[in-house]
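Chains, contacts and geometry: an overview
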Amino acid sequence: AQSVTQLDSHVSVSEGTPVLLRCNYSSSYSPSLFWYVQHPNKGLQLLLKYTSAATLVKGINGFEAEFKKSETSFHLTKPSAHMSDAAEYFCVVSDPSYSNYQLIWGAGTKLIIKP
Amino acid sequence: SAVISQKPSRDICQRGTSLTIQCQVDSQVTMMFWYRQQPGQSLTLIATANQGSEATYESGFVIDKFPISRPNLTFSTLTVSNMSPEDSSIYLCSVEDEETASYEQYFGPGTRLTVT
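Keep in mind the model is a prediction, meaning the values are calculated, not measured.

With respect to the overall build of chain A
- Check the secondary structure of chain A and you find zero helices and 12 strands.
- Taken from N to C terminus, the helices and strands of chain A fall in the order β-β-β-β-β-β-β-β-β-β-β-β.
- Radius of gyration (C-alpha) of chain A: 14 Å, near the 13 Å computed for a compact globule of 115 residues.
- Seen through its principal axes, chain A has C-alpha atoms that stretch 45 × 30 × 20 Å.
- The buried share among the 115 residues of chain A stands at 44%.

Let's talk about the interface of chain A and chain B
- Across the contact, 19 residues belong to chain A and 22 residues belong to chain B.
- When chain A packs against chain B, close to 1600 Å² is buried across both sides, 54% of that on carbon and sulfur atoms.
- Summed over the shared surface of chain A and chain B, the number is one salt bridge.
- Note that Glu104(B) and Lys49(A) form a salt bridge whose closest N and O atoms lie 2.7 Å from each other.
- Connecting chain A to chain B are four residue pairs in polar contact (both at pLDDT 80 or more).
- Only strand 5 (33-38), strand 6 (44-50), strand 10 (87-95) and strand 11 (102-105) of chain A provide two or more residues apiece to the side of chain A that touches chain B.
- Here the residues of the side of chain A that touches chain B sort into nine nonpolar, nine polar and one charged.

Digging into the state of the cysteines
- A complete count under the given rule lists two disulfides over all chains for this structure.
- For Cys23(A), the disulfide goes to Cys91(A), at an S-S distance of 2.0 Å. With the S-S bond torsion at -70°, the cross-link from Cys23(A) to Cys91(A) turns out left-handed. Of this pair, Cys23(A) sits in strand 4 (residues 23-26) while Cys91(A) sits in strand 10, and the two are 68 residues apart along the sequence. For the pair formed by Cys23(A) and Cys91(A), the shared burial category is buried.
- The disulfide bridge from Cys23(B) ends at Cys93(B), spanning 1.9 Å between sulfur atoms.

Examining the layout of surface pockets
- Taken as a whole, the largest pocket encloses approximately 570 Å³ of empty space.
- In terms of lining, the largest pocket is formed by 29 residues, of which the most central are Gln38(A), Asn41(A), Gln37(B), Ile90(B) and Arg112(B).
- Of all elements in the fold, only strand 10 and strand 12 (109-114) of chain A together with strand 9 (89-96) and strand 11 (111-115) of chain B reach the threshold of two or more residues within the lining of the largest pocket.
- The dominant element in the lining of the largest pocket, judged by the number of residues it contributes, is strand 11 of chain B, at four residues.
- Per-class residue counts for the lining of the largest pocket are 10 nonpolar, 14 polar and five charged.
- Around the second largest pocket, the lining residues are Ser1(B), Ala2(B), Ser27(B), Gln28(B), Val29(B), Glu96(B), Asp97(B), Glu98(B), Glu99(B), Thr100(B) and Tyr106(B).
- The residue inventory of the lining of the second largest pocket, partitioned by class, reads three nonpolar, four polar and four charged.

Description of unusual backbone geometry
- The residue after Lys7(B), namely Pro8(B), is reached through a cis peptide bond having omega -10°.
- With respect to the element layout, Pro8(B) can be found in the loop between strand 1 (4-7) and strand 2 (10-13).
- In this model, Asn61(A) sits at a positive phi of 60°, which is unusual for a non-glycine residue.
- According to the relative accessible area criterion, Asn61(A) is partly exposed, its value standing at 49%.
- The phi angle at Asn82(B) is positive, at roughly 45°, despite the residue not being glycine.
- With respect to the helices and strands, the residue Asn82(B) is situated in the loop between strand 8 (75-80) and strand 9.
- Since its relative accessible area comes to 55%, Asn82(B) is described here as exposed.

Thresholds, definitions, all that
Numbers given to residues run from 1 along each chain, matching the order in which its sequence is written. The order in which chains are written sets their letters, starting at A; the order in which ligands are written sets their numbers, starting at 1. Thresholds applied to this predicted model are a pLDDT of at least 70 for local features of residues and 80 or more for the giving and counting of side-chain atom pairs; totals over whole chains, interfaces and linings are not thresholded and use all residues. Only hydrogens and water are set aside when side-chain values are computed; all heavy atoms of the structure are taken into account. Helix numbers and strand numbers start at the N terminus; a helix is a DSSP run of H or I with at least 4 residues, a strand a run of E with at least 2. Here the radius of gyration uses the C-alpha set of atoms, whereas the globule reference equals 2.2 Å times the residue count to the power 0.38. Throughout this description, buried means an accessible area under 20% of the type-specific maximum (1.4 Å probe, protein chains only), exposed means over 50%, and partly exposed covers the range between. Any two residues whose heavy atoms approach within 4.5 Å at even a single point are treated as in contact. Buried surface area refers to the total accessible area, computed with a probe of radius 1.4 Å, that the two partners give up upon joining, counted for both partners together. We define a salt bridge as a side-chain nitrogen of Lys or Arg found within 4 Å of a carboxyl oxygen belonging to Asp or Glu. Nitrogen and oxygen atoms within 3.5 Å of one another constitute a polar contact, given that in protein one can donate a hydrogen and the other can accept it, and given that sequence-neighbouring residues count only through two side-chain atoms. Charged residues are taken to be Asp, Glu, Lys and Arg, nonpolar residues to be Ala, Val, Leu, Ile, Met, Phe, Trp, Tyr, Cys and Pro, and polar residues to be all remaining types, Gly included. Throughout, a disulfide means two cysteine sulfur atoms within 2.5 Å of one another. Computed over the protein atoms alone on a 1 Å grid, cavities are sets of points where a 1.4 Å probe fits but cannot get out and pockets are open sets with protein on both sides within 12 Å along at least five of seven lines; a residue lines them when it has an atom within 4 Å of a point. Grid points are joined across faces, edges and corners, and a volume is the space filled by probe spheres set on the points.

Here it is in C-alpha coordinates:
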(Lines give C-alpha, C1' and ligand atoms only; values in the text may rest on other atoms or scores of the structure.)
Protein backbone atom coordinates (compact mmCIF):
# COMPACT_ATOMS: atom_id res chain seq x y z
CA ALA A 1 0.00 0.00 0.00
CA GLN A 2 1.12 3.50 -0.70
CA SER A 3 1.58 6.14 1.98
CA VAL A 4 2.70 9.72 2.28
CA THR A 5 4.57 11.27 5.19
CA GLN A 6 4.95 15.01 5.61
CA LEU A 7 7.76 15.30 8.09
CA ASP A 8 6.77 18.64 9.61
CA SER A 9 3.33 19.61 10.82
CA HIS A 10 4.41 23.27 11.02
CA VAL A 11 7.18 25.22 9.29
CA SER A 12 7.93 28.82 10.21
CA VAL A 13 10.19 31.02 8.08
CA SER A 14 10.86 34.71 7.76
CA GLU A 15 9.64 36.59 4.73
CA GLY A 16 12.31 36.56 2.01
CA THR A 17 14.01 33.37 3.23
CA PRO A 18 13.86 29.94 1.56
CA VAL A 19 11.03 27.50 2.13
CA LEU A 20 11.45 23.73 2.42
CA LEU A 21 8.45 21.46 3.02
CA ARG A 22 9.42 17.81 3.24
CA CYS A 23 7.50 14.85 1.88
CA ASN A 24 8.39 11.17 1.72
CA TYR A 25 6.31 8.47 0.10
CA SER A 26 6.21 4.74 -0.15
CA SER A 27 5.08 3.14 -3.37
CA SER A 28 5.25 -0.18 -5.14
CA TYR A 29 4.51 1.48 -8.45
CA SER A 30 5.69 4.47 -10.44
CA PRO A 31 3.72 7.13 -8.63
CA SER A 32 2.26 10.42 -9.66
CA LEU A 33 2.93 13.03 -6.99
CA PHE A 34 1.26 16.34 -6.27
CA TRP A 35 1.47 19.31 -3.97
CA TYR A 36 -1.78 21.11 -3.15
CA VAL A 37 -2.16 24.35 -1.21
CA GLN A 38 -5.12 25.40 0.91
CA HIS A 39 -5.31 29.02 2.00
CA PRO A 40 -7.46 29.84 5.01
CA ASN A 41 -11.15 29.62 4.16
CA LYS A 42 -10.36 28.89 0.52
CA GLY A 43 -10.45 25.82 -1.70
CA LEU A 44 -7.64 23.48 -2.63
CA GLN A 45 -5.35 24.52 -5.46
CA LEU A 46 -2.81 22.40 -7.30
CA LEU A 47 0.70 23.80 -6.95
CA LEU A 48 2.53 21.28 -9.10
CA LYS A 49 2.58 17.66 -10.19
CA TYR A 50 5.08 14.97 -11.13
CA THR A 51 3.95 12.35 -13.63
CA SER A 52 7.19 10.57 -14.70
CA ALA A 53 8.56 13.32 -16.90
CA ALA A 54 11.24 15.73 -15.64
CA THR A 55 12.23 15.06 -12.03
CA LEU A 56 12.40 18.78 -11.23
CA VAL A 57 8.91 20.15 -11.45
CA LYS A 58 8.07 23.84 -11.47
CA GLY A 59 4.74 25.02 -10.21
CA ILE A 60 2.83 28.19 -9.63
CA ASN A 61 3.90 31.10 -7.42
CA GLY A 62 7.61 30.24 -7.65
CA PHE A 63 7.35 26.81 -6.03
CA GLU A 64 9.18 23.75 -7.31
CA ALA A 65 9.69 20.16 -6.21
CA GLU A 66 12.20 17.48 -7.03
CA PHE A 67 11.29 13.83 -7.37
CA LYS A 68 14.10 11.68 -5.94
CA LYS A 69 13.33 8.03 -6.43
CA SER A 70 16.37 6.81 -4.50
CA GLU A 71 15.25 8.80 -1.46
CA THR A 72 11.51 8.34 -2.09
CA SER A 73 11.12 12.08 -1.55
CA PHE A 74 9.24 14.91 -3.19
CA HIS A 75 10.19 18.00 -1.20
CA LEU A 76 8.64 21.37 -2.01
CA THR A 77 10.86 24.45 -2.14
CA LYS A 78 10.70 28.14 -2.85
CA PRO A 79 13.74 30.45 -2.88
CA SER A 80 12.08 33.39 -1.15
CA ALA A 81 8.95 33.25 0.98
CA HIS A 82 6.19 35.81 0.66
CA MET A 83 3.53 36.63 3.22
CA SER A 84 0.90 35.35 0.80
CA ASP A 85 2.47 31.87 0.97
CA ALA A 86 1.07 31.34 4.46
CA ALA A 87 -1.24 28.34 4.04
CA GLU A 88 -1.59 24.60 4.55
CA TYR A 89 0.31 22.42 2.06
CA PHE A 90 -0.54 18.83 1.24
CA CYS A 91 1.69 16.24 -0.44
CA VAL A 92 -0.38 13.71 -2.36
CA VAL A 93 0.40 10.49 -4.23
CA SER A 94 -1.81 8.64 -6.67
CA ASP A 95 -2.30 4.94 -6.17
CA PRO A 96 -2.81 3.03 -9.43
CA SER A 97 -3.47 -0.16 -7.47
CA TYR A 98 -6.95 1.19 -6.87
CA SER A 99 -9.36 0.98 -9.76
CA ASN A 100 -10.19 4.66 -9.45
CA TYR A 101 -6.61 5.83 -8.91
CA GLN A 102 -7.27 7.07 -5.42
CA LEU A 103 -5.23 9.96 -4.07
CA ILE A 104 -3.37 9.32 -0.84
CA TRP A 105 -3.05 12.52 1.21
CA GLY A 106 -0.33 13.54 3.59
CA ALA A 107 -1.30 15.04 6.93
CA GLY A 108 -0.41 18.54 5.80
CA THR A 109 2.22 21.14 6.72
CA LYS A 110 1.18 24.55 7.94
CA LEU A 111 3.52 27.21 6.57
CA ILE A 112 3.87 30.28 8.75
CA ILE A 113 5.57 33.38 7.38
CA LYS A 114 7.10 35.81 9.86
CA PRO A 115 7.37 39.43 8.81
CA SER B 1 -9.43 22.39 -16.10
CA ALA B 2 -12.84 21.82 -14.58
CA VAL B 3 -14.69 24.46 -12.59
CA ILE B 4 -16.66 23.10 -9.66
CA SER B 5 -19.26 24.82 -7.53
CA GLN B 6 -20.80 23.63 -4.28
CA LYS B 7 -23.92 24.60 -2.40
CA PRO B 8 -24.24 25.60 0.35
CA SER B 9 -20.86 27.15 1.10
CA ARG B 10 -21.53 26.77 4.80
CA ASP B 11 -24.31 25.82 7.16
CA ILE B 12 -25.04 25.43 10.84
CA CYS B 13 -27.34 22.52 11.58
CA GLN B 14 -28.92 20.96 14.61
CA ARG B 15 -28.03 17.43 15.63
CA GLY B 16 -30.37 14.78 14.31
CA THR B 17 -31.13 16.64 11.10
CA SER B 18 -29.80 16.02 7.58
CA LEU B 19 -28.06 18.27 5.07
CA THR B 20 -27.72 17.72 1.33
CA ILE B 21 -24.69 19.23 -0.38
CA GLN B 22 -24.75 19.85 -4.10
CA CYS B 23 -21.78 19.69 -6.47
CA GLN B 24 -21.93 21.02 -10.02
CA VAL B 25 -19.18 20.67 -12.63
CA ASP B 26 -18.89 22.74 -15.80
CA SER B 27 -18.04 19.71 -17.95
CA GLN B 28 -19.03 16.07 -18.18
CA VAL B 29 -16.93 13.76 -16.03
CA THR B 30 -17.00 10.06 -15.36
CA MET B 31 -16.13 10.03 -11.67
CA MET B 32 -16.82 12.46 -8.88
CA PHE B 33 -15.25 12.19 -5.45
CA TRP B 34 -16.51 13.28 -2.04
CA TYR B 35 -14.04 14.09 0.75
CA ARG B 36 -14.30 15.10 4.37
CA GLN B 37 -11.79 17.39 6.07
CA GLN B 38 -12.21 17.47 9.81
CA PRO B 39 -10.91 20.53 11.69
CA GLY B 40 -7.15 20.76 11.43
CA GLN B 41 -6.92 17.48 9.52
CA SER B 42 -6.09 16.28 6.04
CA LEU B 43 -8.61 15.02 3.52
CA THR B 44 -10.33 11.67 3.83
CA LEU B 45 -12.13 10.14 0.87
CA ILE B 46 -15.74 9.30 1.65
CA ALA B 47 -16.83 7.77 -1.63
CA THR B 48 -16.50 7.75 -5.39
CA ALA B 49 -19.62 8.41 -7.45
CA ASN B 50 -20.01 7.16 -11.01
CA GLN B 51 -23.00 8.13 -13.07
CA GLY B 52 -25.51 5.34 -13.38
CA SER B 53 -24.16 3.14 -10.61
CA GLU B 54 -24.05 2.96 -6.84
CA ALA B 55 -21.36 4.98 -5.15
CA THR B 56 -18.31 3.15 -3.82
CA TYR B 57 -17.70 3.92 -0.15
CA GLU B 58 -14.38 3.85 1.66
CA SER B 59 -13.83 2.00 4.89
CA GLY B 60 -15.59 3.71 7.75
CA PHE B 61 -18.27 5.36 5.62
CA VAL B 62 -21.69 3.84 4.91
CA ILE B 63 -24.50 4.65 2.53
CA ASP B 64 -27.09 5.08 5.28
CA LYS B 65 -25.07 7.90 6.82
CA PHE B 66 -23.77 9.48 3.58
CA PRO B 67 -26.18 8.73 0.72
CA ILE B 68 -24.93 9.98 -2.63
CA SER B 69 -26.76 10.67 -5.85
CA ARG B 70 -25.24 11.01 -9.30
CA PRO B 71 -28.11 11.67 -11.69
CA ASN B 72 -25.96 12.86 -14.62
CA LEU B 73 -22.38 13.52 -15.72
CA THR B 74 -22.15 17.04 -14.28
CA PHE B 75 -23.91 16.82 -10.92
CA SER B 76 -23.80 14.96 -7.63
CA THR B 77 -25.19 15.32 -4.12
CA LEU B 78 -23.93 14.13 -0.76
CA THR B 79 -26.31 13.94 2.19
CA VAL B 80 -25.04 13.93 5.74
CA SER B 81 -27.79 12.14 7.67
CA ASN B 82 -28.76 12.20 11.33
CA MET B 83 -25.98 14.63 12.09
CA SER B 84 -23.97 14.81 15.28
CA PRO B 85 -21.30 17.34 16.31
CA GLU B 86 -18.66 14.85 15.10
CA ASP B 87 -19.87 15.50 11.56
CA SER B 88 -18.69 19.10 11.76
CA SER B 89 -16.22 19.28 8.88
CA ILE B 90 -15.54 20.72 5.48
CA TYR B 91 -17.02 18.54 2.75
CA LEU B 92 -15.41 18.76 -0.66
CA CYS B 93 -16.23 17.32 -4.03
CA SER B 94 -13.66 16.80 -6.73
CA VAL B 95 -13.26 15.46 -10.25
CA GLU B 96 -10.35 13.93 -12.03
CA ASP B 97 -8.53 15.51 -14.97
CA GLU B 98 -9.79 13.09 -17.60
CA GLU B 99 -8.19 14.94 -20.51
CA THR B 100 -4.59 14.36 -19.45
CA ALA B 101 -5.17 11.22 -17.38
CA SER B 102 -2.63 12.58 -14.89
CA TYR B 103 -4.76 11.64 -11.85
CA GLU B 104 -4.83 15.31 -10.87
CA GLN B 105 -8.08 16.28 -9.20
CA TYR B 106 -9.88 19.61 -9.23
CA PHE B 107 -11.73 20.60 -6.10
CA GLY B 108 -14.81 22.56 -5.31
CA PRO B 109 -14.64 25.35 -2.72
CA GLY B 110 -16.05 23.09 -0.03
CA THR B 111 -19.03 23.19 2.29
CA ARG B 112 -18.26 24.10 5.88
CA LEU B 113 -20.69 22.28 8.15
CA THR B 114 -21.12 23.00 11.84
CA VAL B 115 -23.43 20.74 13.86
CA THR B 116 -24.67 22.05 17.19
